[in-house]
Amino acid sequence: MSTTSSADKGSNPNKKLEVRCPSCGTMHTYSTDNPYRPFCSKGCKAIDLGAWASESYRVEAKPTTEDLRDDPST
Ligand SMILES: [Zn+2]
């Protein structure tokens, strides 16, 4: 019976998880010490948030209140 590999299986707290940065695609180590995870850096997070924000702006192109607004100057 071989149990040599049993120690490597299961929970391995020292295992490093490589993830791909959603912004630039760079593989980097996912760490809870990284406040910008899953991004590789602060810049990438800012870029992605900016893209997401502008994207949501377009998605949220719902009818404005302009139709309901009564302009007294007219
Ligand atoms: Zn990145």
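Values in this document were obtained by computation on a predicted structure and should not be read as measured data.

## Considerations on the overall build of the protein chain
Part 1 of the argument: Per the secondary structure count, the protein chain includes 1 helix and 2 strands.
Part 2 of the argument: Helices and strands appear in the protein chain in the N-to-C order β-β-α.
Part 3 of the argument: The proportion of buried residues among the 74 residues of the protein chain is 5%.
Part 4 of the argument: Within the protein chain, contacts between residues separated by at least 24 positions form 9% of all contacts whose residues are at least 6 apart in sequence.

## Considering the confidence of the model for the protein chain
Part 1 of the argument: With 59% of its residues at a pLDDT of 70 or more, the protein chain shows a mean pLDDT of 77.
Part 2 of the argument: Per-element averaging of pLDDT across the protein chain places helix α1 (residues 42–59) at the bottom with 78 and strand β2 (residues 27–30) at the top with 92.

## Overview of the environment of G43
Part 1 of the argument: By secondary structure assignment, the location of G43 is in helix α1.
Part 2 of the argument: A sequence separation of 19 residues divides G43 from C24, and the C-alpha atoms of the two residues are 9.8 Å apart.

## Let's talk about the environment of Y30
Part 1 of the argument: Following the sequence through the fold, Y30 ends up in strand β2.
Part 2 of the argument: The sequence separation of Y30 and C40 amounts to 10 residues, and the corresponding C-alpha distance is 8.3 Å.
Part 3 of the argument: Apart from the residues lying within four places of it in its own chain, the contact partners of Y30 are L17, E18, V19, R37 and P38.

## Some remarks on unusual backbone geometry
Part 1 of the argument: Geometrically, the link from R37 to P38 is a cis peptide bond, its omega value of 0° lying close to zero.
Part 2 of the argument: Mapped onto the elements, P38 comes out in the loop between β2 and α1.

Rules used in this analysis
Residues numbered from 1 in each chain as written. Predicted model: local features only at pLDDT ≥ 70, side-chain atom pairs only at ≥ 80, totals over all residues. Helix = DSSP H or I, 4+ residues; strand = E, 2+ residues; numbered from the N terminus. Buried ≥ 20, exposed ≤ 12 C-beta atoms within 10 Å, placed from the backbone. Contact = placed C-beta atoms within 7 Å. pLDDT = per-residue confidence, 0-100.

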